[in-house]
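Chains, contacts and geometry: an overview
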Amino acid sequence: RLAAFDFITECIGIRDTTDINEILHSTVISGHLDWPTILAISNAKKIAPTLWVALRRRKLVEYLPNEVRQHLFNIYLLNTLKNIDFKKQITEVVRQLNSIGIEPILLKGSASLFVKTFDDPGSRMMVDLDILVPKKSAEECWNALGVFGYLPIKDSLDLRVDYQGNHHHLRPLYRPGKCGTIELHKDVLPTSAARILPTRLIWERAEAINQSGIAMSVPSPTHRVLHNLLHSSLINQTYVRGQISLQSLHELAMMQNLYQERIDWEIIWQLIDKSGQTEILRSSLYLTNRFFWVFG
């Protein structure tokens, strides 16, 4: 499993030297790779489309076993079609919000659909779209999407969330015939993490993007990175559980590669240090560098 894991991370990493590509080429054509384990890890870590894009970029697709090539391509194709639908949904949703005077902020995967974070729009897997709206207008925005054909999800049988209370986003919405759900956020993060990255900072430093005639923003590079770290490590509890969120670490590596010096790591350190959570930052940066060599 460790060899399979290392092969995946080397493939999807940002290093693209002749030496790396030759080593990967030799590894693939050797016939010694444990493809069932590679595929199992890729699927479990929601990184299979990313792996396909990387293998294609490194010109290794033609050397894959037929069943492996077909499996990865099918997942990539389905994910690409889903992300196309997601981007169309965001465009329609933001246009609807603009019509009532709201210019939202796209969070997480929603932002990556409009800010080219990855090599290919079908690379990142996601199941919902996170959109931040002003807290005082959140209910109005939620109702506006209802008029537009979106319906609230029902409570699951095993987990009932109090969306009417202090939850950081309203009850997710879905549109029949469309992929995924829409989560309208009143706050960027739950209370447990909001003290580190308050929502007001996101609004103050957000960067406007204008595409398709709609008005919206994304968090600043620094806040996108910090949000990624907090959501994975604290909200999803990967740190305390000793888990590796390969998708989140890869996205962190890609954002570092995209933004470079625009990320203020000193600010990130200061915000996390105040909360006594510096080990989360140390762990995330160590793992990102261990797998993707972006801080060397």
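Definitions and cut-offs
- Residues numbered from 1 in each chain as written.
- Predicted model: local features only at pLDDT ≥ 70, side-chain atom pairs only at ≥ 80, totals over all residues.
- Heavy atoms only, no water.
- Helix = DSSP H or I, 4+ residues; strand = E, 2+ residues; numbered from the N terminus.
- Buried < 20%, exposed > 50% of the residue type's maximum accessible area, 1.4 Å probe, protein only.
- Salt bridge = Lys/Arg side-chain N within 4 Å of Asp/Glu carboxyl O.
- 1 Å grid on protein atoms, 1.4 Å probe; cavity = no way out; pocket = protein on both sides within 12 Å on 5 of 7 lines; lining within 4 Å.
- Points joined across faces, edges and corners; volume = space filled by probe spheres on them.
- Nonpolar A, V, L, I, M, F, W, Y, C, P; charged D, E, K, R; others polar.
- Axes fitted to C-alpha atoms, helices over the stretch in contact; angles between N-to-C directions.
- Parallel < 35°, antiparallel > 145°, perpendicular 65-115°, else oblique.
- Contact = heavy atoms within 4.5 Å.
- Core = buried A, V, L, I, M, F, W, Y, C linked by side-chain atoms within 4.5 Å.

Brief notes about unusual backbone geometry
For Lys46, which is not glycine, the phi torsion reads 55 degrees and is therefore positive. Within the secondary structure layout, Lys46 lies in the loop between α3 (35-44) and α4 (48-57). With a relative accessible area of 43%, Lys46 lands in the partly exposed category. Backbone geometry at Gln237 places phi at a positive 60 degrees, although glycine is not the residue there. On the basis of relative accessibility, which here comes to 34%, the residue Gln237 falls in the partly exposed class.

A word on the side chain of Thr278
With respect to the helices and strands, Thr278 occurs in helix α13 (residues 278-292). Thr278 gets classed as buried once you look at its relative accessible area, which sits at 14%.

Concerning the pattern of salt bridges
Tallied over the full model, the rule gives 14 salt bridges. Notably, a salt bridge pairs Arg56 with Asp120, separated by 2.7 Å at the nearest N-O pair. Within this pair, whereas Arg56 is found in helix α4, its partner Asp120 is found in the loop between α6 (109-112) and β2 (128-132), the two being separated by 64 residues in sequence. With a relative accessible area of 37%, Arg56 lands in the partly exposed category. Each member of the salt-bridge network shares a partner with another, and the members are Asp16, Arg57, Arg58 and Asp119.

A short note on the layout of surface pockets
By volume, the largest pocket is sized at about 830 Å³. Surrounding the largest pocket, 38 residues form its lining, Lys108, Arg124, His231, Asn236 and Gln247 being those nearest its centre. Going through the elements one at a time, β1 (105-107), α6, β2, β5 (181-185), α10 (221-235) and α11 (246-259) are the ones with two or more residues in the lining of the largest pocket. A total of six residues in the lining of the largest pocket trace back to one element, the largest contributor, which is α10. Considered class by class, the residues forming the lining of the largest pocket number 13 nonpolar, 14 polar and 11 charged.

Some details on the packing of α10 against α11
The geometry of α10 relative to α11 is characterised by a closest axis approach of 10 Å and an angle of 170 degrees between their N-to-C directions. Regarding the angle of α10 to α11, the classification is roughly antiparallel. Contacts from Pro221, Arg224, Val225, Asn228, Leu229 and Ser232 of α10 reach α11 at Ser248, Glu251, Leu252, Met255 and Tyr259. By residue class, the composition of the contact of α10 with α11 is six nonpolar, three polar and two charged.

Some thoughts on the nonpolar core
If you look at the biggest cluster of nonpolar residues, it comprises 50 residues, and the most contacted ones within it are Leu106 and Ile182. Examining the composition of this core, we find that five residues originate from one element, helix α5 (residues 66-98), more than from any other. Not counting chain neighbours up to four residues away, the residues in contact with Ile182 comprise Gln89, Val93, Leu129, Ile131, Leu145, Tyr150, Pro172 and Leu173. Ranked by size, the runner-up nonpolar core spans 35 residues in total, among them Leu24, Ile41, Leu72 and Ile75.

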